[in-house]
Amino acid sequence: MAGATGSAACTKMGGVNSWIEHARYLADEIFAPQADAVDRTGEIPGTHFDLLAEYGFYGATMAEDMDIATFTQAGEILVAGCLATTFVWAQHLGVARRIATSPNVELRERLTEDLRYGRVRAGVSYAGANDQPGLIARRIDGGYVLDGTAPFVTGWGLVDILGVMARDADDEGSLISVLVPAEPGPALHATPLPLIAADASKTVTLTFDGVQVPDSAVDNRISLRNFHASFILAAWRNGALALGIVRRCLGELTRLGIDTTALAAESARIRTELDDALTGQSDVYLARARASELAVRAATALVTAVGSSAVTGGNLAERSVREATFTLIFGSRPGIRTALLDRLTQAADALYP
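Per chain, residues are indexed from 1 in the order of the written sequence. Per-residue local features of the predicted model are confined to residues with pLDDT of at least 70, and side-chain atom pairs are confined, for both listing and counting, to 80 or more; whole-chain, interface and lining totals are unaffected and use all residues. As a convention, hydrogens and water are excluded, and side-chain values are obtained from all of the structure's heavy atoms.

Time to look at the overall build of the protein. The secondary structure listing takes helices from DSSP runs of H or I that are at least 4 residues long and strands from runs of E that are at least 2 residues long, numbered from the N terminus. Helix and strand counts for the protein stand at 12 helices and 8 strands. The atom set for the radius of gyration is the C-alpha atoms, and the globule formula is 2.2 Å times the number of residues raised to the power 0.38. Over its C-alpha atoms the protein spans a radius of gyration of 20 Å, differing by no more than 12% from the 20 Å that the globule rule assigns to 353 residues. Principal axes of the C-alpha set define a box for the protein whose edges measure 65 × 50 × 40 Å. Partly exposed residues are those whose accessible area sits between 20% and 50% of the maximum for their type, while under 20% is buried and over 50% is exposed, using a 1.4 Å probe and protein chains only. For the protein, the residues scored as buried account for 50% of the 353 residues in total.

Our next topic: helix H9 (residues 284-306). Helices are assigned an expected span. That span is 1.5 Å times one less than the residue count. For H9, which comprises 23 residues, the first-to-last C-alpha distance of 33 Å matches the rise-based estimate of 33 Å (1.5 Å per residue) to within 8%. Trailing H9 by a residue or two, glycine 307 shows a phi angle of about 95°, which is positive.

Another aspect to go through is the pattern of salt bridges. The term salt bridge refers to a pairing of a side-chain nitrogen on Lys or Arg with a carboxyl oxygen on Asp or Glu at a separation within 4 Å. In the structure shown here, the tally under the stated rule is 21 salt bridges. With a shortest N-O distance of 2.6 Å, aspartate 215 and arginine 139 are connected by a salt bridge. Of this pair, aspartate 215 sits in the loop between strand E7 (204-214) and strand E8 (218-223) while arginine 139 sits in strand E2 (residues 135-140), and the two are 76 residues apart along the sequence. Of the charged contacts in the structure, one is a salt bridge between glutamate 293 and arginine 343, with a shortest N-O distance of 2.6 Å. Remark: arginine 343 occurs in helix H11 (residues 334-345) and glutamate 293 occurs in helix H9; sequence separation between them is 50 residues. Each member of the pair glutamate 293 and arginine 343 is classed as buried. Sharing partners across several salt bridges, the network here consists of Asp36, Arg248, Arg319 and Glu323.

All right, on to the layout of surface pockets then. Approximately 1600 Å³ is the volume attributed to the largest pocket. Mapped by element, the contributors of at least two residues to the lining of the largest pocket are helix H4 (83-100), strand E1 (122-125), strand E3 (143-153), E8, helix H6 (224-229), helix H7 (231-255), helix H10 (316-329) and H11. It is H4 that contributes the most residues to the lining of the largest pocket, 7 residues altogether. Think of a 1 Å grid over just the protein atoms. A cavity is a set of points where a 1.4 Å probe fits yet cannot get out, a pocket is an open set with protein on both sides within 12 Å along at least five of seven lines, and lining residues have an atom within 4 Å of a point. Grid points are joined across faces, edges and corners, and a volume is the space filled by probe spheres set on the points.

Turning to the pairing of strand E4 (residues 161-168), a few remarks are in order. Consecutive side chains of a regular strand alternate in pointing toward one face of the sheet and then the other. Among the 8 residues in E4, 8 count as buried, and that is most of the element. Criterion used throughout: strands pair if DSSP finds at least two bridges between them. Pairing of E1 with E4 involves 4 bridges; the strand directions are parallel. Looking across to E4, one finds that alanine 122 is bridged to isoleucine 161. Here E2 pairs with E4 via 2 bridges, running parallel. Across the sheet, the residue bridging to isoleucine 136 is arginine 167, located in E4.

A few words now on the packing of aromatic side chains. In this description, an aromatic ring pair is defined by two values, namely the gap between the centres and the angle between the planes. Aromatic rings from Phe, Tyr and Trp, taking only the six-membered ring of Trp, are treated as a pair when their centres fall within 6.5 Å; an angle between ring planes under 30 degrees marks them as stacked, one over 60 as edge-to-face, and anything in between as tilted. Inspection of every chain in the model, using the stated rule, returns 8 aromatic pairs. For the pair phenylalanine 87 and phenylalanine 330, a centre-to-centre distance of 4.6 Å together with 90° between the ring planes defines the contact as edge-to-face. Highlighted residues: phenylalanine 87 in helix H4 and phenylalanine 330 in the loop between H10 and H11, separated in sequence by 243 residues. Plain terms: the ring middles of phenylalanine 326 and phenylalanine 330 are 6.0 Å apart, the flat faces sit at 5° to each other, and that makes the pair stacked. Exposure remark for phenylalanine 326: the relative accessible area of 11% places this residue in the buried category.

What follows is the structure, given as structure tokens:
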């Protein structure tokens, strides 16, 4: 296992439900002081994940006292501290929630608590859900065989299992959701991907060459239509990455004496739009695009405010620009990409009448 912990009951910052206080402590005292070293070396200290587990964050999507506002604020705070660490942790959340609600009773009972407390840590791949599915699941006696490629899998060597969605070879409208051990082998090959930011997240391309998965590791069958309908939740959650970069930049700009009133107000409006998208009151694609665009603008403002030292490698402003650029692509979909390109290529007076 990637790591183990006892309960989430840690009293350093107060009660076990003090999610925001815990996030601030981890971001300010643990993650941020080491973030430049993480970026430079490409290695995340294992204690980062152990502390996330200790403070209960691996079970965030299963916590009864974690509402929408708390989740998004905590996520943004953690991103502001260290994008790479938070990026790896975030992969776990959807898998944990999916297993906790799986119709596979044996699998649910066996893994839910270990996932909740971070004793087992998960990565994810949705390669089978692409328009041109990268992963295909073929039915065999007692399970499935997976073949194909998952182009972006984060946390390789840092997680224990992968939650994988593969297209059903016998029903192109269905996805087979399975758990695969996150270990190299004769049928599973990893190729590291160098990233411009969050490279310490150990993101790889995985090639599946006849990976056998027993029925006991199948957590669900999901219609492709329902999966795409649920993307709004993933887009909402991923908005925390971009707005976390904004949060960090606003803090640094304020420290440098720059008036951030307008940027802060825009960030708040975008957060409201992302939250409203969950109930169909706003366009999630446009809100996600605006979040990443704002991250780029805020990071650029920070570079400008810092001055000449920001153009040298290995400083917070330079790293923030790369990380803001990263959010333009991560978790994107055609609708987000189109909205971003529209905003980035239009004349300013068309965007801000």
